[in-house]
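Architecture and fold: a report
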Amino acid sequence: MLDLIRRKQHTFLIKVIFWMIIAAFVGTGLFVWGGGDPRRDTAAVTVNGARVDYDEYQRAYSNLYRLYQEMYRESFTPELERQLGLRRQALDIVIDQTLLAQEAERRNITVSRQELIDSIARISVFQENGAFNRDRYRQVLNAQRLTPEIFEAMQRRDLMIDKVRQQIQDGVVVTDEDIEREFRARNEMVNLSFVRLFPSDFERQVSVSEEELQAFLEERREAFRIPEAVSLQYIVFDPARFEDEVTVTEGEMETFYRRNLDRFEIEEEVRASHILVGVPEGASQEIRSQKREEAEALLTRVREGADFAELARKHSDDPGSAGQGGELGYFGRGMTVAAFERVAFSLRPGEISDIVETPFGFHIIRVEDRIDGGLPSLAKVADEVRAGVREEKARQLAFEKAMDAYNMNRQGGSLERAAQTAGLTVRETGFFDRQGPVPGLADARDLAQTAFALRPGELARPTLTSEGVVLYTLQERRESRLPELGEIRSQVEAAFRREKANDLAFQSARNALDALKDGRTIAQIARERGTRAEETGLFSRAYGGFVPGVGLDAALFESAFETTSEEPVLETVFEQQDDSFIVAVLKEKQAADMGALDAAQRNTLRQEVLARKRSEALENELDRLRDNATITIAPTVASSLEGERG
């Protein structure tokens, strides 16, 4: 999935900057107000004595969760969530916001009443027909269980944080030397020759004896431990079974609508197509002029009645949309570069733009349709609201039925009797360990942890899952144990062979590196090892850690640009994610053509370097504040971070 996102980032529309994930919902916390959590009045983290309540941490986490869920959609799995480290990100957000708020106070930064009023008036959800509406303001806050006083205090704090962030970044300057260094770094090109050695190619050299396997297992016995496992019996109270028993009143619909305003809010969107005449990065003014003339010629043909989609298929340089006749689909604000967005949202359906210049080149835009943003009335979304109320009440009814079954049967622990009374079928999970997943129950991580605390025959309290409300009991438990070699011989032998083959491959790569330093060539190294020499082709620092023919490898990438023609051998063996080992030499290095750095590029680079340096200045200041801060994380929050990779 991450590779897919990387590939999509090279199309025109998918140019999302990932730091926006952190910034997007930080602040007011509107629309994700939690409820019912027993920890909400406790501190999630304390920063220099200031408590950050669990509720604030949970809002930051929920906002991040929803944003990533929208980005990855069906690919957003619990495993991906752990890889992204959402809970760690959320904790970092609230810590950083608290530190910046404290720094704002230390600098005596204030927010005037008028600044506060103006900032609230600009929030679109409080507006009607583009203007602030006091009744809408109070309605939205009531729906989120916020008073104006609480919300305004939150907003004032956010404005103070914005001001201190601005102060930190205002002192950043970009010199001509910075611009030239950036241009040189972006345009210097290198080409590597390399040999890749795979451990699998050395496995046939590994001999295995019973004594070696036994010794191998003894040294790593814990790695082969069979974990504790349990199996469950369970019944599912499906909310869909109870929807016919649910009635929905007008008052319930009104309450549901007000409580879920964010669910019904319509974002302003346009559906557009475009023809892109691309301009290579670093192109001269002469080339840019030629490309603009090409775009103007295409625009003339469009205005004379030529088929827009056909021209896009033949002439557009955007590989992500050309095959669809330039079609970009619907997109909202913030999804494209500013110049493109400004024009696209100014056009009416059917209108065609003049030439629009962006960092990608020259565009001709045609708007196909637009959706005006805002909050629809309850009447317009009545069917959706009614379905939401019905689903919510059916879920509650299913939970009540499950609780009735639990209370009536928990003394005897009879799941069979509960199932018979409710007309349900008893199911079995099969064995699973603490890491899950629970067979048959896709999103039951909390259930899995509770299951290991059950006694045989004991009924657990009902748990809500995507399958419905689950009532369950422990069927059988298998204790954790250390297996004997005979039970897991194949696994031990496979691990033994992998480790020994890995050692042989690494040693062969080390020997190859020494031979390269002694004057042997890559071609000779490849022949001696029965493999082939490869080349990356020319690439620049703009590749951002990606080495053609190899993949993402920051260490190899940086070493490539540090190598000189006088000392062309890269100094170390590079281990890859596929467990292979690479040794490489510099084949070619092309210096940047500084004469190609014209005024337009200087201006563009100045803005980009300024943005990066401002971001670095803020990050450095936050690092300083963290280093000098006393930060105490609550045990419940710390435990929730375990297993995350972010």
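Use the structure listed above.
Now for a quick tour of the structure. (Residues numbered from 1 in each chain as written. Predicted model: local features only at pLDDT ≥ 70, side-chain atom pairs only at ≥ 80, totals over all residues. Heavy atoms only, no water.)

**Quick word on the overall build of the protein chain**
What counts is decided by this rule: Every helix listed is a DSSP run of H or I at least four residues long, and every strand listed is a run of E at least two residues long, numbered separately from the N terminus. Per-residue accessibility, obtained with a 1.4 Å probe over protein chains only, is compared with the maximum for each type, and a residue is labelled buried under 20%, exposed over 50%, and partly exposed between these values. Whether two residues are in contact is decided by their heavy atoms, any of which lying within 4.5 Å being enough.
Each helix and strand in the protein chain was counted, giving 23 helices and 20 strands. Taking the principal axes of its C-alpha atoms as reference, the protein chain extends roughly 80 × 80 × 60 Å. Looking at the protein chain as a whole, 41% of its 646 residues are labelled buried. A fraction of 73% describes how many contacts in the protein chain between residues 6 or more apart in sequence connect residues 24 or more apart.

**Comments concerning the nonpolar core**
As a reminder of what qualifies: Throughout this description, the term nonpolar core refers to a set of buried Ala, Val, Leu, Ile, Met, Phe, Trp, Tyr and Cys residues connected via side-chain atoms within 4.5 Å.
Core analysis: the largest hydrophobic core is formed by 35 residues, its most contacted members being L100, F126, F151, Y257 and V385. Among the elements of the structure, α5 (86-106), α6 (113-121), α7 (134-143), α8 (148-170), α11 (250-259), α12 (261-264), α16 (382-409) and α22 (599-627) are those that each provide at least two residues to this core. Per-element tally for this core: the top contributor is α8, with 7 residues. Core analysis: the next-biggest nonpolar cluster, separate from the first, contains 28 residues, F224, A495, F496 and V585 among them.

**Digging into the pattern of salt bridges**
The line we're drawing: Here, a salt bridge means any side-chain nitrogen of Lys or Arg that lies within 4 Å of a carboxyl oxygen of Asp or Glu.
Under the counting rule described, the total for this entry stands at 60 salt bridges. In this structure, R51 engages D53 in a salt bridge whose closest nitrogen and oxygen atoms are separated by 3.2 Å. Since its relative accessible area comes to 32%, D53 is described here as partly exposed. A salt bridge links E528 to R529, with the shortest nitrogen-to-oxygen separation between them at 3.5 Å. A residue is classified by how much of its surface remains accessible, and R529, at 25% relative accessible area, is partly exposed. Several salt bridges share partner residues, and in doing so they unite E103, R106, R107, E621 and R624 into one network.

**Description of the packing of aromatic side chains**
For the record, the criterion: The pairing test for Phe, Tyr and Trp rings, Trp by its six-membered ring, is centres within 6.5 Å, and the orientation test on the planes gives stacked under 30 degrees, edge-to-face over 60, and tilted for anything in between.
Applying the stated criterion across every chain yields a total of 18 aromatic pairs. Ring plane angle 90 degrees and centroid distance 6.0 Å describe the contact between F432 and F452, whose orientation is recorded as edge-to-face. Of this pair, F432 sits in the loop between β11 (427-428) and α18 (445-451) while F452 sits in the loop between α18 and β12 (463-465), placing them 20 residues apart in sequence. Look at F452 and you get buried, because its relative accessible area is 7%.

**Observations regarding the sheet that holds strand β13 (residues 468-478)**
As a reminder of what qualifies: Two strands qualify as a pair provided that DSSP identifies no fewer than 2 bridges between them. Between N-to-C directions, angles cover 0 to 180 degrees, with each direction set by a line fitted to C-alpha atoms, over the stretch in contact for helices.
Across the sheet, 4 strands lie side by side as β11-β6-β13-β12; this open sheet has antiparallel pairing. Strand pairing shows two members of the sheet lacking a second neighbour, β11 and β12, which therefore form its edges. Across 9 bridges, the pairing between strand β6 (residues 229-237) and β13 is antiparallel. Residue S231 lies in a different strand from β13, and its bridge partner there is E476. This element, helix α17 (residues 415-422), spans β6 and β13 of the sheet and lies at about 20 degrees to β6.

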